[in-house]
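If you want the building blocks of each chain, they are given just below.
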Amino acid sequence: MSHDIAETLRPIAEPRILDGVYSEDQHRRLVDVVRRNGPWQLILAQHFNSPEEVVATVSGGMPEGVELTFDMFLTPNFRGYFAQNGTCLYPEIEDTFYNRTFLEHARAYWNAKYARPEMMLFNIQGPSGSTDPAHLDATTFRGITMKNTPIWLMNTMTKSGLFTRWLHRKAQVITWFYQGRIGGGFTYWPEGPLGQPKRLAAPMWNRGVVVQNEMMYHRGEANGPEDMRFPAGLAFQSLFGADPERADGWRITTDGRTVQNIPPEETRFLVHWSAEIYMDLKELKVVMDGTDDLTHERVFDMFIADLRARGMAFPVPSDPFTDTGFIRLLNKTYDVGTPRIYPVEAPGPRRAAA
Ligand SMILES: [Fe+2]
């Protein structure tokens, strides 16, 4: 991997740390929406249709001869949405989504003129392991989105740094409510995957960051007592919801049977608010009118030109979407791997194959 690729994965600015992000009343209403509208599915179950699909998707990156099982990827992390596509799904929390303070934070972070709330989700969990060495949130580009383009191509476009001009600019305000004392912090790499990490350590109550998580490696750390991190009976279809026996407690169920009760002091609740950013009126118009959109043809032309400039010889693919040799070359050239340095307090995940 060349150094210039690693250098592209840096956020527009150093993340800004916020305290007292939501008012007590806002927090109470957010939690209330989660309690009343659950139970909620695993994050994993929202991205895949079955355990087999999970294994099939990740197995390509594993050394040969390692037998993969779904349990290797199963962690009790659950998710739900407060707002999607610029629309708040629960009127009682509209003030938290159409949030003037957050808009100011987002604009200031980018030094931009305009911001628009796009999405708001929560992750909720009790004690949990982590299999995530660090990740980037999904990027999209003008003309190149989930609607017309596979994720691997968008990820490769991000890592290449060739398409920054077309990147949909975004900022997030991510906030944690976690009283636990074992792990559960947030590690991030603002200087890129080769640089030193930084860390927000738990306990973190109503503490947040303003970030650009599409361009910065980051991860939630494993949290809670080790013997509670993988409850017996946890499965692909497990759900997370209010514990009817305890006013502020939660529980995980599998097929209607409780597999774990989670006390409030071990509950980790994360609220992720995201906004689109427009530097000025000109950019807002260009994006909305689609006057400077990328096409697939242009994307591949730019990749091919860059590969040549790097001195690579290869046959020009007739269908780059399916040409495995060409895809492999793209992966090899623009893959930065996972971060090299981890905080001593929060080492990287143990590898299933190690
Ligand atoms: Fe993320």
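Summary of the structure given here. (Residues numbered from 1 in each chain as written. Predicted model: local features only at pLDDT ≥ 70, side-chain atom pairs only at ≥ 80, totals over all residues. Heavy atoms only, no water.)

### Some remarks on the sheet that holds strand β1 (residues 16-19)
A sheet is described by the order of its strands in space; here 7 strands give the open sequence β1-β9-β6-β14-β5-β3-β4, paired in antiparallel fashion. Looking at strand neighbours, the two that pair on one side only are β1 and β4 (87-88), the edges of this open sheet. Alignment of strand β5 (residues 114-125) against strand β14 (residues 268-278), held across 11 bridges, turns out to be antiparallel. Counted as the bridge partner of Met 119 is Ser 274 from β14. Contacting β3 (78-84), β5, β6 (170-178), β9 (204-211) and β14, helix α2 (residues 24-37) runs over the sheet at an angle of about 105 degrees to β14. Here helix α8 (residues 281-289) sits on the sheet in contact with β5 and β14, set at roughly 100 degrees to β14. (Pairing = 2+ DSSP bridges. Helix = DSSP H or I, 4+ residues; strand = E, 2+ residues; numbered from the N terminus. Contact = heavy atoms within 4.5 Å. Axes fitted to C-alpha atoms, helices over the stretch in contact; angles between N-to-C directions.)

### Considering the nonpolar core
With 50 residues, the main nonpolar core has Phe 82, Met 120, Phe 269 and Trp 273 as its most contacted residues. The residues touching Trp 273, leaving out its near neighbours within four places in the chain, are Thr 96, Phe 97, Phe 102, Leu 103, Ala 106, Pro 117, Met 119, Met 120, Ala 171, Gln 172 and Val 173. Of all hydrophobic cores here, the second largest spans 26 residues; its members include Met 157, Trp 166, Trp 189 and Tyr 217. (Core = buried A, V, L, I, M, F, W, Y, C linked by side-chain atoms within 4.5 Å. Buried < 20%, exposed > 50% of the residue type's maximum accessible area, 1.4 Å probe, protein only.)

### Some words on the pattern of salt bridges
Any two side chains of opposite charge can pair, given that their charged atoms come close. Applying the stated rule across the entire model yields 18 salt bridges. Among the ionic pairs, Arg 116 bridges to Glu 276, the shortest N-O distance being 2.6 Å. Of the two residues, Arg 116 sits in strand β5 while Glu 276 sits in strand β14, which places them 160 residues apart along the sequence. Measuring nitrogen to oxygen at the nearest pair gives 3.8 Å for the salt bridge that ties Asp 289 to Lys 285. Here the residue Asp 289 and the residue Lys 285 both occupy positions in helix α8, the gap between them amounting to 4 residues, near one helical turn. What emerges from the salt-bridge pattern is a single network uniting Asp 25, Arg 28, Arg 29 and Asp 95. (Salt bridge = Lys/Arg side-chain N within 4 Å of Asp/Glu carboxyl O.)

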